[in-house]
Amino acid sequence: MGGETPRGGGLSRRRFFGTTAAASAGVVLTTAPAPAARAADDDGAVDVAITVNGTAEKLHVDPRVTLLDALRERLGLTGTKKGCDRGQCGACTVHVDGRRVLSCLTLAATADGRKVTTIEGLADGDDLHPVQRAFVECDGFQCGFCTSGQIMSAAALLKEGHAWTDEEIREAMSGNICRCGAYPGIVEAIKTARRAD
Amino acid sequence: MHAFGFAAARTLPEALRLAAPDSAFLAGGTTLVDLMKLDVLTPDRVVDINRLPLRGIRSTRDGLRIGALERMSDVARHPAVHPVIAEALAQSASPQLRTMASIGGNLLQRTRCGYFRDVHTPCNRRQPGSGCPARTGDNRTHAVLGTSDACVATHPSDLAVALVALDASVRLVSHAGERLVRLAAFYRLPGDTPQVENDLRPGELITEVVVPRRPWARHSTYVKVRDRSSYEFALASAAVALDMRGGVIHEARVAAGGVGTVPWRLPAVEAALRGRPPTRASFEEAAASAADGARPLTENAFKVTLLKRTIVRALMSLEGGS
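In this report, we go over the structure that sits alongside the text. Per chain, the residues get numbers from 1 upward, laid out in the order the sequence is written. Chains carry letters and ligands carry numbers; both start at the beginning, A for chains and 1 for ligands, and go up in the order they are written. At least 70 in pLDDT is required for a residue's local features to be given in this predicted model, at least 80 for side-chain atom pairs to be given and counted, and no such filter applies to totals for whole chains, interfaces and linings, which use all residues. Only hydrogens and water are set aside when side-chain values are computed; all heavy atoms of the structure are taken into account.

Below, the discussion takes up the overall build of chain B. Runs of H or I in DSSP of at least four residues are treated as helices and runs of E of at least two as strands, each being numbered from the N terminus. Looking only at helices and strands, one finds 12 helices and 12 strands in chain B. With the radius of gyration taken over C-alpha atoms, the globule rule is written as 2.2 Å times the number of residues to the power 0.38. Taking 322 residues into account, the globule formula puts the C-alpha radius of gyration at 20 Å, and chain B, at 19 Å, falls close to it. Based on the C-alpha atoms only, the size of chain B along its principal axes is roughly 60 × 50 × 35 Å. Accessibility here uses a 1.4 Å probe with only protein chains present; expressed as a share of the type maximum, an area under 20% marks a residue as buried, one over 50% as exposed, and anything in between as partly exposed. When each of the 322 residues of chain B is scored for burial, the buried share is 60%. Sequence-distant contacts, at least 24 apart, represent 64% of the contacts inside chain B between residues at least 6 apart. When the accessible surface of chain B is summed, it comes to about 12,500 Å², and 51% of that surface belongs to carbon and sulfur atoms. Contacts: residue pairs with any heavy atoms within 4.5 Å of one another. For every accessible area listed, the method is Shrake-Rupley and the probe measures 1.4 Å; residues are considered covered only by the protein chains on display.

Residues and elements named next belong to chain B. Relative to the helices and strands, A143 resides in the loop between α7 (114–117) and α8 (158–165). Residue classification places A143 among the buried positions, given a relative accessible area of 0%. For the pair A143 and R280, spaced 137 residues apart in sequence, the C-alpha to C-alpha distance is 27 Å. Residues within four places of A143 in sequence aside, it is in contact with V152, A153, T154, V259, G260, T261, R295, L297 and N300.

This part takes up the interface of chain B and chain A. Tallying the contact residues gives 37 residues for chain B and 36 residues for chain A. By definition, the buried area sums, over both parts, the 1.4 Å-probe accessible area that each loses when the two are put together. Around 2,800 Å² of area is buried between chain B and chain A when both sides are counted, 52% of it from carbon and sulfur atoms. Among the residues of chain B in contact with chain A, F6, K37 and Q96 of chain B are the three that bury the most area, contributing 24% of the side total. What makes a salt bridge here is a side-chain nitrogen of Lys or Arg within 4 Å of a carboxyl oxygen of Asp or Glu, nothing more. The interface formed by chain B and chain A holds 2 salt bridges in total. Among the salt bridges present, the one from D74 of chain B reaches R99 of chain A, with a minimum N-O distance of 3.0 Å. Going through the elements one at a time, β1 (5–8), α2 (32–37), α3 (72–77) and α5 (95–100) of chain B are the ones with two or more residues in the side of chain B that touches chain A. If you tally residues by element for the side of chain B that touches chain A, the top one is α5 of chain B, at 6 residues.

A word on the nonpolar core. As used here, the term nonpolar core means buried Ala, Val, Leu, Ile, Met, Phe, Trp, Tyr and Cys residues forming a set that is joined through side-chain atoms within 4.5 Å. With 73 residues, the main nonpolar core has I85 and L273 of chain B as its most contacted residues. The leading source of residues in this core is helix α12 (residues 302–318) of chain B, at 9 residues. Listed in part, the 37 residues of the second largest apolar core include L77 and L107 of chain A together with F4 and L26 of chain B.

So, about a nonpolar patch on the surface. Residue and element names in this part refer to chain A. A contiguous nonpolar patch, built from L128, V136 and F141 and spanning about 250 Å² of accessible area, is present on the exposed surface. The residue L128 is located in the loop between β6 (115–117) and α3 (130–137) in this model. Note on L128: relative accessible area 36%, which makes it partly exposed. Surface patches are drawn from residues lacking salt bridges whose relative accessible area is over 30%; two like charges belong together within 9 Å, two nonpolar side chains (Val, Leu, Ile, Met, Phe, Trp, Tyr) within 5 Å.

Scanning the entire structure with this criterion turns up 34 salt bridges over all chains. Residues D97 of chain A and R114 of chain A are paired through a salt bridge, measuring 3.6 Å at the closest nitrogen-oxygen approach. Of this pair, D97 of chain A sits in the loop between β4 (93–96) and β5 (99–102) while R114 of chain A sits in the loop between β5 and β6, and the two are 17 residues apart along the sequence. When its relative accessible area of 41% is taken as the criterion, D97 of chain A is described as partly exposed. Residue R114 of chain A is classed as partly exposed on the basis of its relative accessible area, which comes to 21%. We note a salt bridge from D243 of chain B to R245 of chain B, for which the minimum N-O separation is 3.1 Å. Look at D243 of chain B and you get buried, because its relative accessible area is 6%.

Residues and elements named next belong to chain B. Strands are labelled as partners when DSSP assigns at least two bridges between them. The strand order β4-β5-β8-β6-β7 describes an open sheet built from 5 strands, whose pairing is antiparallel. The open sheet has two edge strands, β4 (57–60) and β7 (177–182), and neither has a second partner. Shown here is a sheet whose adjacent strand axes are inclined to one another by a mean of 25°, direction ignored. Note: strand β6 (residues 169–174) against β7, 6 bridges, orientation antiparallel. Across the sheet, residue V170 finds its bridge partner in β7, namely V181. Axis angles are defined between N-to-C directions and span 0 to 180 degrees, where every axis is a line fitted to C-alpha atoms and, for a helix, only to the segment in contact.

Our focus in this paragraph is the packing of helix α4 (residues 147–160) of chain A against helix α6 (residues 183–196) of chain A. All names here are of chain A. Where α4 meets α6, the axes come as close as 11 Å, and the angle between the chain directions of the two elements is 40°. Judged on the interaxial angle alone, α6 and α4 are oblique. Between α4 and α6 lies a crossing whose hand is right-handed. Contact residues: α4 offers Q150, A154, L157 and L158, while α6 offers I186, I190, A193 and R194. Along the lines of polarity and charge, the residues of the contact of α4 with α6 split into 6 nonpolar, 1 polar and 1 charged. Any angle that falls under 35 degrees is termed roughly parallel, while one over 145 is termed roughly antiparallel, one within 65 to 115 roughly perpendicular, and all others oblique. Crossing handedness: left-handed means the near helix sits turned counterclockwise from the far one by under a right angle, and right-handed means the same turn made clockwise. Only Asp, Glu, Lys and Arg are considered charged in this grouping, and only Ala, Val, Leu, Ile, Met, Phe, Trp, Tyr, Cys and Pro are considered nonpolar; every other residue, Gly among them, is considered polar.

So this is what it looks like as C-alpha cells:
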C-alpha cells in the first residue's frame, strides 16, 4: 500500500480504466502535503486527507466527487460497488469512523480526517472476517454484486449490538437490496457470524 | 451534478458567514447530495456543517433538547427520547441512511413526489408556474389534506409528524439572531406558492429541536402503514400520545403523516378523545373526523379510510387492553 503517495507502479487494466474515469470525474492526484479540507482552491478542488483501511491517503478532488467514486476510481478499491448511486440499494456501504454509511451519498470532501473501512480492509490478511466466513458457509450470495455492501452492513450491525431475531435482522439489513434474493442465506450468515464472535 | 464551491465550517459564526444566497448547508447529505445528483438542487456553494458543535440529547427543565446534527439512529436509541419519536425514526429510511441523516436535515427533507424529483417534468414546487402533473397523473402516494391546485405533494418526514404531535419547536439561528419557532407553524401549506416550504430564512440554520417537558407524552407511539414492511415512505401514519387519568383520556396528542402536504396535527380528534374511556368505540368515533376536508386525487382516495384506521390502530396499540 502506498501510504501518502499515489499507489502502485504498474498500471493494471482495471487501474488504467480507473484512472481514466477518475480524470473525467474530476479527480486529480496530489503529492504535496495538504491542509484539512476547509475551503476549495482556486481550481475549485478540495484537499482531503483520509485513512482508508489503515492507510493514510491524500486526495485533491472536485467537491462533486463522492466517496464511492474516490474509492473506486482514485484509490482503485473497486470492492465497493456502485449500484443505484442514489442511496437506495446499499451496494456502496462502507464504514466511516466505524459506522455504516452509503458512500454514494457521501461527498469525499466531507470525509476529511475520517477513517474509512471498505470490504478490502475487513479481513485480517488472509484471515477472513467472521461475517465474510459466514457468508461463504451459509450461501449468503448468488451473483455477488451486492455482497460487499451486505457484508459491510452486517459487520456494522454486529457491532451495533441489536437485531437478535430473524425479523429484526431483516429490518436491520433492509438498506441492502439483493436482486438474486439471497436473503435467507444472509440472515443465516449473520446469525452464524454472531455465534462465532 | 452542477459545479459548486465547497467550504467546511468549524464554528457556527463561520457557517453563517460562509452562507450566501445560493448556498446550501450540508449535514448528512442524504437529501442534498441525492437531489444535487438529480439536478433538482443546484447550489453555488455547499457549506459542510458537520463539525459544528450542534450535538447532544438532553432532558432539561425546558424539555428534551436535541442538537440539530445528532443522527437519526443515535436519537432513536437514546433513552431520554419519547417512544413516538424513537419509533418514527426507527421506521424511517434504512439503517445506513439513519446513521448518516441529521435531525435538522430530516425536518428539511424534500418531498418524494416523482415529478418534483424529475427535472424533465413540470413541477410548481421546483419551478413555480410550470404546472402540476401529479394532480391527474401518478398520485397514489400523494396528499389528500392541505393540498392546493398548485401542489399535492406529501411531506415525507416521519420525525416531523411525531414532533408536531408533541408541540416541538426548532431553534433557528442567523446573523439576525436567534428564534424559536413551533414546528407546526414552521411548515407552510403549498397554496399558490408551493416553492416556499417553510419559514426558514436565507442563511438561517436549525441548531436544535426542543420538545416541551410533558411526562405523560412518554405514553406514546408511532404507527406507519406502507407498501413494504421496511424502507418505505408512509401511505398513512399516526403519532399519538395519551394522558390517562382514572381510566379516562385526560389529554391527547394526534398527528398524521403520509396524507398531508405538511405534518398534519388533528386537534378535532384530540378534542373528541378528551374525557372518553380508552375503547375501540371511542377511538373510532374520534378518528371519524380525521380526514375532514380531504380532497382525494384520482389514485389515492383509499387514504381517507386508511388514515382513520391508522389512527385507531395507534390508539389501540397504546391502550389495547381496554
